[in-house]
Amino acid sequence: AAAVGLVHVRFDPDGLVRRMAPFEANGPDLAPDLMTVVHRATKSFDAPDATRGDAPTLLIPFAGPPDRYRQVAFSSVLAGEVPPEMIAGRTVFVGLTAPGLGPAFPTPVTPDAASMTGVQLQASVLDGLRGGRMIKPAGLGARLIFALSLLWLLLAGLLVLPPRANLALL
């Protein structure tokens, strides 16, 4: 094993899982997330690393619905029913994916009330880390500038546009 990592799921206030923390508090120290460990152990030397930075959390760029990643029964792999080239050179996650057996989490890409299993969630995180697609939330300054620029645009429009245009602008 390259290292030990924590598996921690962060829920947003609305109950959905949208983000991951590359490092979590583990007593007085910071411990890496499991996918941070896997990403750093398997990435090429010159590949970007979103886990190096000052963002305490990163938004997960979900690639699609829960069935996006191929699933194979572990018993089939052990029995030799899966061709070796199907898993050779790939990162393989082993875990529970049957409904009701393992942990499942609501995400923005799960249809209706369906949930994404922990294995699929971890695969989405690693996919985002490897592809360099993890989303860093905008800082307070950028959010303030964006909101205030829209407010100033609205106020300027109220001063110079006719009433019907102001209604459309609002």
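Use the structure listed above.
So, here's what we can say about the structure. Please read these numbers as outputs of a predicted model, since none were measured by experiment.

Regarding the environment of Gly64
- With respect to the secondary-structure elements, Gly64 resides in the loop between β4 (58-59) and α2 (74-78).
- Residues Gly64 and Gly89, 25 residues apart in the sequence, show an inter-C-alpha distance of 23 Å.
- Leave out the neighbours within four places in its chain, and Gly64 touches Val109 and Met116.

A few points about a nonpolar patch on the surface
- Together, Leu140, Leu144, Leu148, Leu151, Trp152, Leu155, Leu158 and Leu170 make up an exposed nonpolar region whose accessible area comes to about 820 Å².
- Examined against the element boundaries, Leu158 turns out to sit in helix α5 (residues 140-160).
- Leu158 gets classed as partly exposed once you look at its relative accessible area, which sits at 38%.

Comments concerning the packing of aromatic side chains
- Per the counting criterion, the structure on display carries 1 aromatic pair.
- Taking NZ or CZ as reference, Arg68 lies 5.3 Å from the ring centre of Tyr69, over its face.

Observations regarding the pattern of salt bridges
- Summed over the entire model, instances satisfying the criterion amount to 8 salt bridges.
- Note that Asp14 is salt-bridged to Arg18, the shortest N-O span being 2.8 Å.
- For Arg68, the salt bridge goes to Asp127, with nearest N and O atoms at 3.9 Å. With Arg68 in the loop between β4 and α2 and Asp127 in helix α4 (residues 118-131), the pair connects residues that are 59 residues apart, well separated along the chain.

Some words on the nonpolar core
- Met20, Leu58, Ile60, Leu121, Val125, Leu129 and Met134 are the most contacted members of the largest nonpolar core, which has 15 residues in total.
- If you tally residues by element for this core, the top one is α4, at 4 residues.
- Dropping the residues within four chain positions of it, Met134 is found in contact with Met20, Ala50, Leu58, Leu59, Ile60, Pro61, Val125, Gly128 and Leu129.

Looking at the environment of Leu126
- Of note, Leu126 is situated in helix α4.
- On the accessibility criterion, Leu126 (3% relative accessible area) is buried.
- Put simply, Leu126 and Val37 are 89 residues apart on the chain and 9.9 Å apart in space, counted from C-alpha to C-alpha.
- Aside from chain neighbours lying at most four places away, what touches Leu126 is Met35, Val38, His39, Thr91 and Phe93.

A few points about α4
- An ideal rise of 1.5 Å per residue puts 20 Å on 14 residues; α4 measures up with 20 Å between its terminal C-alpha atoms.
- Turning to α4, its buried residues are Gly118, Val119, Gln120, Leu121, Gln122, Ala123, Ser124, Val125, Leu126, Gly128 and Leu129.
- Those residues of α4 hidden inside the fold are in contact with β1 (19-20), α1 (34-42), β4, β5 (104-105) and β6 (116-117).
- Phi turns positive one or two residues past the end of α4, at Gly132, with a value near 70°.

What about the side chain of Thr117?
- Note on placement: Thr117 falls in strand β6.
- A polar atom in the side chain of Thr117 sits 3.0 Å from the side chain of Gln120.
- Every residue in contact with Thr117, bar those within four places of it in the chain, is listed here: Leu96, Thr97, Pro103, Ala104 and Phe105.

Procedures and definitions
For every chain, the first residue of the written sequence is number 1, and numbering continues from 1 onward in sequence order. Predicted model: local features are reported for residues with pLDDT of at least 70 only, side-chain atom pairs are reported and counted for 80 or more only, and whole-chain, interface and lining totals are derived from all residues. Side-chain measures here rest on the full set of heavy atoms in the structure, leaving out hydrogens and waters. Only runs of H or I of at least four residues qualify as helices and only runs of E of at least two qualify as strands under DSSP, and these elements are numbered from the N terminus. By the convention used here, residues are in contact when the closest approach between their heavy atoms is within 4.5 Å. Only residues whose relative accessible area exceeds 30% and that take part in no salt bridge are eligible for patches, with like-charged residues grouped when within 9 Å of each other and nonpolar side chains (Val, Leu, Ile, Met, Phe, Trp, Tyr) grouped when within 5 Å. Accessibility throughout is a Shrake-Rupley quantity obtained with a 1.4 Å probe, and a residue counts as covered only by protein chains that appear here. The term salt bridge refers to a side-chain nitrogen of Lys or Arg lying within 4 Å of a carboxyl oxygen of Asp or Glu. For every residue, the accessible area (1.4 Å probe, protein chains only) is compared with the maximum for its type, and the residue is labelled buried under 20%, exposed over 50%, or partly exposed between those bounds. Whether two aromatic rings pair depends on their centres lying within 6.5 Å, for rings of Phe, Tyr and Trp, where Trp uses its six-membered ring; planes under 30 degrees apart make the pair stacked, over 60 edge-to-face, and the rest tilted. Here, a charge over a ring is recorded when the distance from Lys NZ or Arg CZ to the ring centre is within 6 Å and its angle to the ring normal is within 35 degrees. By nonpolar core is meant a set of buried Ala, Val, Leu, Ile, Met, Phe, Trp, Tyr and Cys residues that side-chain atoms within 4.5 Å join together. Expected span of a helix: the number of residues minus one, times 1.5 Å. Polar contacts here mean pairs of N or O atoms no more than 3.5 Å apart (in protein, one a potential hydrogen donor and the other a potential acceptor; neighbouring residues in sequence count only if both atoms are side-chain atoms).

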